[in-house]
Amino acid sequence: MLFRGRNSKGLNTGGRRGLFGRRRKERPSGQAANATQRRTVRLLVAGLLLLIIAFVLVLVLVQPASPGDQLRYDEFLSDIRANRIESATISVQDQRFTGTYDAGQYWISYGGGVQGNVLFQNMLQGLQTARVPTTIDQQPLKTALQPLIYVLPTFIFIDAFVLVFLSIRSSTGGLAQFGQSGSRRVKHGETRITFKDVAGVDEAVEELVEIRDYLEAPARFLSMGARVPSGILLVGPPGCGKTLLARAVAGEARVPFFSMSGSDFVEIFVGVGAARIRDLFREARLASPAIVFIDELDAVGRGRTQSAVSGQDEREATLNQLLVGLDGFESEPGVVVLAATNRPDVLDPALLRPGRFDRRVYVDLPDLNGRVGILNVHCRGKPLDDGVNLQALAKRTAGFSGADLAAVVNEAALLAARRGQTAISQSLLSEAVERLMAGPERKNRLLSPSDKELIAYHESGHALVSAVVNADDRVTKISIVSRGRAGGHTWFVQEEERRLATKAQMSARLTSLMGGRAAEQLFSGEPTSGAQDDIERATAMARRMICELGMSDKIGPVSLSLAVSRLLGDTEFLAPYSPDIAAVIDSEVHQLLEAARQEATEVLEQRRSALDSIAQKLLEVETLEGDELDALLYKDRSDRERAAGVTA
Ligand code: ADP
Ligand code: ZN
Ligand code: MG
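The rules we used
Residues numbered from 1 in each chain as written. Chains lettered and ligands numbered in written order. Predicted model: local features only at pLDDT ≥ 70, side-chain atom pairs only at ≥ 80, totals over all residues. Heavy atoms only, no water. Near = heavy atom within 4 Å. Polar contact = N/O pair within 3.5 Å; in protein donor to acceptor, adjacent residues only side chain to side chain. Areas by Shrake-Rupley, 256 points an atom, 1.4 Å probe, with all protein chains shown as cover. Helix = DSSP H or I, 4+ residues; strand = E, 2+ residues; numbered from the N terminus. pLDDT = per-residue confidence, 0-100. Contact = heavy atoms within 4.5 Å. Pairing = 2+ DSSP bridges. Axes fitted to C-alpha atoms, helices over the stretch in contact; angles between N-to-C directions. Salt bridge = Lys/Arg side-chain N within 4 Å of Asp/Glu carboxyl O. Buried < 20%, exposed > 50% of the residue type's maximum accessible area, 1.4 Å probe, protein only. Parallel < 35°, antiparallel > 145°, perpendicular 65-115°, else oblique. Left-handed = near helix turned anticlockwise from the far one by under 90°. Nonpolar A, V, L, I, M, F, W, Y, C, P; charged D, E, K, R; others polar. Phe/Tyr/Trp six-rings, centres within 6.5 Å; stacked < 30°, edge-to-face > 60°.

Please clarify how the site of ligand 1 should be interpreted in this entry.
Near ligand 1 lie 16 residues; those nearest to it are Ala199, Gly239, Lys242, Thr243 and Leu244. Between ligand 1 and the protein, one listed contact pairs an oxygen atom with a side-chain N or O atom of Thr243 at 2.6 Å. In the model, a nitrogen atom of ligand 1 is placed 2.8 Å from a nitrogen or oxygen of the His378 side chain. Protein chains bury 83% of the 560 Å² of accessible surface belonging to ligand 1 in isolation. If you list the elements that add at least two residues to the shell around ligand 1, you get helix 8 (242-252), helix 12 (368-379) and helix 14 (402-418).

Explanation requested: the confidence of the model for the chain in the structure shown.
Note that predicted coordinates carrying low pLDDT should not be read in detail. Overall, the predicted model of the chain reaches an average pLDDT of 82, with 86% of residues at or above 70. For the stretch residues 7-30, pLDDT sits under 50, and the model shows 42 contacts to residues farther than four places along the chain or on other chains. Segment residues 642-648: pLDDT under 50, and zero contacts once partners within four positions in sequence are set aside and those in other chains are kept.

Explain the sheet that holds strand 2 (residues 69-70) to me, please; I cannot follow it from the model alone.
Strand-to-strand pairing in sheets goes through backbone hydrogen bonds, with the strands running parallel or antiparallel. Strand order in this open sheet of five strands is 2-5-4-3-6, and the pairing throughout is mixed. Where the open sheet ends on each side, the last strands, each with one partner, are strand 2 and strand 6 (134-137). The pairing of strand 4 (residues 96-101) with strand 5 (residues 104-109) spans six bridges and is antiparallel. Counterpart to Phe97 in the pairing with strand 5 is Ile108. The strands touched by helix 2 (residues 73-81) within the sheet are strand 2, strand 4 and strand 5, with strand 5 carrying the most contacts at an inclination of about 125°. Strands strand 3 (88-91), strand 4, strand 5 and strand 6 of the sheet are contacted by helix 3 (residues 113-129), whose axis makes an angle of about 25° with strand 4.

Explain unusual backbone geometry to me, please; I cannot follow it from the model alone.
Apart from glycine, the bulk of residues carry a negative phi angle, and the bulk of peptide bonds sit in the trans form. One non-glycine residue with positive phi stands out, namely Gln95, at about 55°. By secondary structure assignment, the location of Gln95 is in the loop between strand 3 and strand 4. For Gln139, which is not glycine, the phi torsion reads 50° and is therefore positive. On the secondary structure map, Gln139 appears in the loop between strand 6 and helix 4 (140-145).

So what exactly am I meant to see when it comes to the pattern of salt bridges here?
Side-chain pairs of opposite charge can arise whenever the charged atoms involved come near each other. Going through the model one piece at a time under the given rule, you end up with 30 salt bridges. Across the salt bridge formed by Asp94 and Lys142, the nearest N and O atoms sit 3.2 Å from each other. Within this pair, whereas Asp94 is found in the loop between strand 3 and strand 4, its partner Lys142 is found in helix 4, the two being separated by 48 residues in sequence. Of the charged contacts in the structure, one is a salt bridge between Arg396 and Glu434, with a shortest N-O distance of 3.1 Å. Taken as a pair, Arg396 in helix 13 (residues 390-396) and Glu434 in helix 15 (residues 426-438) lie far apart in primary sequence, 38 residues in all. For Glu434, a relative accessible area of 3% puts it in the buried group. Salt bridges sharing partners connect three or more residues here, namely Arg396, Glu434, Glu441, Lys477 and Arg483.

Just checking my understanding: could you explain the packing of helix 18 (residues 532-547) against helix 20 (residues 579-606) for this structure?
A pair of packed helices is captured by two measures, namely the crossing angle of their axes and the spacing between those axes. Between helix 18 and helix 20, whose axes approach to 9 Å, the crossing angle comes to 125°. As the angle between them shows, helix 18 and helix 20 are arranged oblique. For helix 18 against helix 20, the interelement crossing comes out right-handed. On helix 20, the residues that touch Ala538, Thr539, Ala542, Arg543, Met545, Ile546 and Cys547 of helix 18 are Ile585, Asp586, Glu588, Val589, Leu592 and Leu593. Partitioned by chemical class, the residues of the contact of helix 18 with helix 20 number nine nonpolar, one polar and three charged.

Would you explain the side chain of Thr397 in this entry?
Note that Thr397 resides in the loop between helix 13 and helix 14. Contacts of Thr397, omitting those with residues within four sequence positions, involve Arg371, Leu405 and Val433.

Sorry if this is basic, but what is going on with the packing of aromatic side chains here?
The full count for this structure, using the stated rule, is eight aromatic pairs. Note on Tyr457 and Phe523: the rings are 4.2 Å apart at their centroids and 15° apart in plane angle, and the pair reads as stacked. A residue pair is termed long-range when its members are at least 10 positions apart, and Tyr457 in helix 16 (residues 449-469) and Phe523 in helix 17 (residues 503-524) qualify at 66 residues. Put simply, the rings of Phe76, Phe97, Tyr101, Tyr106, Tyr110 and Phe120 touch in pairs and so form one group of aromatic residues.

Would you take a moment to explain the packing of helix 16 against helix 17 for this structure?
As a packed pair, helix 16 and helix 17 sit with axes 7 Å apart at the nearest point and diverge in direction by 140°. Classified by the interaxial angle, the pair formed by helix 16 and helix 17 is oblique. Classified by chirality, the crossing of helix 17 by helix 16 is right-handed. Contact residues: Glu453, Leu454, Tyr457, His458, Gly461, His462, Val465, Ser466 and Val469 in helix 16; Ala508, Thr511, Ser512, Leu513, Gly515, Gly516, Arg517, Ala519, Glu520, Phe523 and Ser524 in helix 17. Taken together, the residues of the contact of helix 16 with helix 17 break down into eight nonpolar, nine polar and three charged.

Even after reading the chapter, I still don't get the pairing of strand 8 (residues 231-235), so can you show me in this structure?
Consecutive side chains along a regular strand alternate between the two faces of the sheet. Of all five residues in strand 8, five are buried; the element is thus mostly enclosed. Every second residue of strand 8 is oriented toward a common face, with Gly231, Leu233 and Val235 on one face and Ile232 and Leu234 on the other, all of them buried. Examined bridge by bridge, strand 8 and strand 11 (residues 335-341) share five bridges and lie parallel to one another. When the sheet's bridge partners are listed, Leu234 is paired in strand 11 with Ala340. Relative to strand 12 (residues 359-362), strand 8 is paired through four bridges, and the arrangement is parallel.

Set out below in structure tokens:
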């Protein structure tokens, strides 16, 4: 295994989250609406409980009185005649007689209706004839409560119905909310992120500062007759700070800032995405001057194609609405639309026409100074050891994105906390870089001594070959402590921060990649399975050199990559070359790789003793770095260089 910084296909940071770390399910501007809905639901539930309690209470209270024995009609009449009844009370509401007789208390119901009336008359007559003291209880409470028996259930029913309706609505995402944009309006000062939290992307910041200034005082710009761009597209690899920049604009802007993620517009139902866009733009127009931010624009802005894939209709409707909305802002200078994407190549060309996203701001991987700045931003407020050298760390992290660097600092802080240290030291930061690139060390992974020896030779081979043929990269560390899948690692830094590579430099890298396999073969006489990753990477690099970079004389400066087909709008993913050319590519790739392997083998054969001593040392100490490593790898080279310098 061999490491050199990280290319742009590095870690992607996390899944797709809305701006400000919210999951997109929680529709931000629906937030307030959600809160009121929650409150309503809580009220309804409480009301339902109260109503049920009241109903039960009423039922208990209107329960007819039934003290003592229930007398039969004939018993009652004969008891009256026998003078056994001592008193009687007519409970009007209960339609009963109650009272005492010689055996205690009694009650008897006469019921309602005509029949009840007759019974009542008869009983009353009997009581009068026998001169039983009879009182009337009008039962005013029961009379008052009576209607509630019918009213309360009605209310209970209505309450429950509304509750069920609301819960169905919220579980389907709110039918009524479907058309609403659900954008989040960020209030000024709400996010504390400012341009100070962004480093290494100065050009982009400059551009955005201009926009902020314009929106604060549009008159100044308009009086100059200047047309300020209404759409700005932030373009760059993942993790380089596009979303962060937008958050900083939101934090700095003194105008309303609406943000939404492109994936929020992608719905199953045709027309919903378009309605959201319409709603978002309407809100922004009402709040003008304002900024609208659409993150992950490629989710909506993908090029329209003829293919009849399901879901196309919805996407096209949404995209068309987006285009219409952008055109609307052109005539209306108060609204600026920001968008971010890491796939500008898949965007519909119509989006990039003048008047729409006509200004592109590149948010690229940070250079050395940028990385120092980003490390500084993320180390702010963390306890750092005096010996920390961020410059050196930045040098080691060529190809890291801002998100990767943030992860490095965070990982180092975690390590420091886990190990009970009071400050973050340089060695922790280095360890964090290595962990991020290759995974944590697996010290207790058991290896047979012969495997260990093979790995030591493999890594020594990479290091030695690289030291001899590759002047652009400096080996900084060799290790045979396994991490992740790989048995050992060789780490490099670029001597100089470069964006371009010559064919010779790339070939030198191919040779270093082959150094591992070559050393193994010298040592054991046989190829092993340990070089798979190296071979894959070398093959990919060789193919790129030939098919994309025009570095093969036989093929010439012709691009044979799929990017060309995309550029031409082809929708079929077919290789854009003939079978004859395919054969030439194969032989050219083979030749490059074979030449690299041969050179690596020669280099090592000539330095067999050096290879042996590095490998033996590595077996002994497991990790070589710093002066010790330089002494083994670079001593005679620097001697030679010095000698050359003297004679020249
Ligand atoms: P993307 O370009 O993919 O939208 P983000 O803006 O989401 O990247 O960056 C992810 C995280 O990485 C940020 O929250 C921040 O912590 C860190 N980061 C990325 N770029 C920078 C930068 N230029 N300066 C400071 N921090 C950065
Ligand atoms: Zn290797
Ligand atoms: Mg982003």
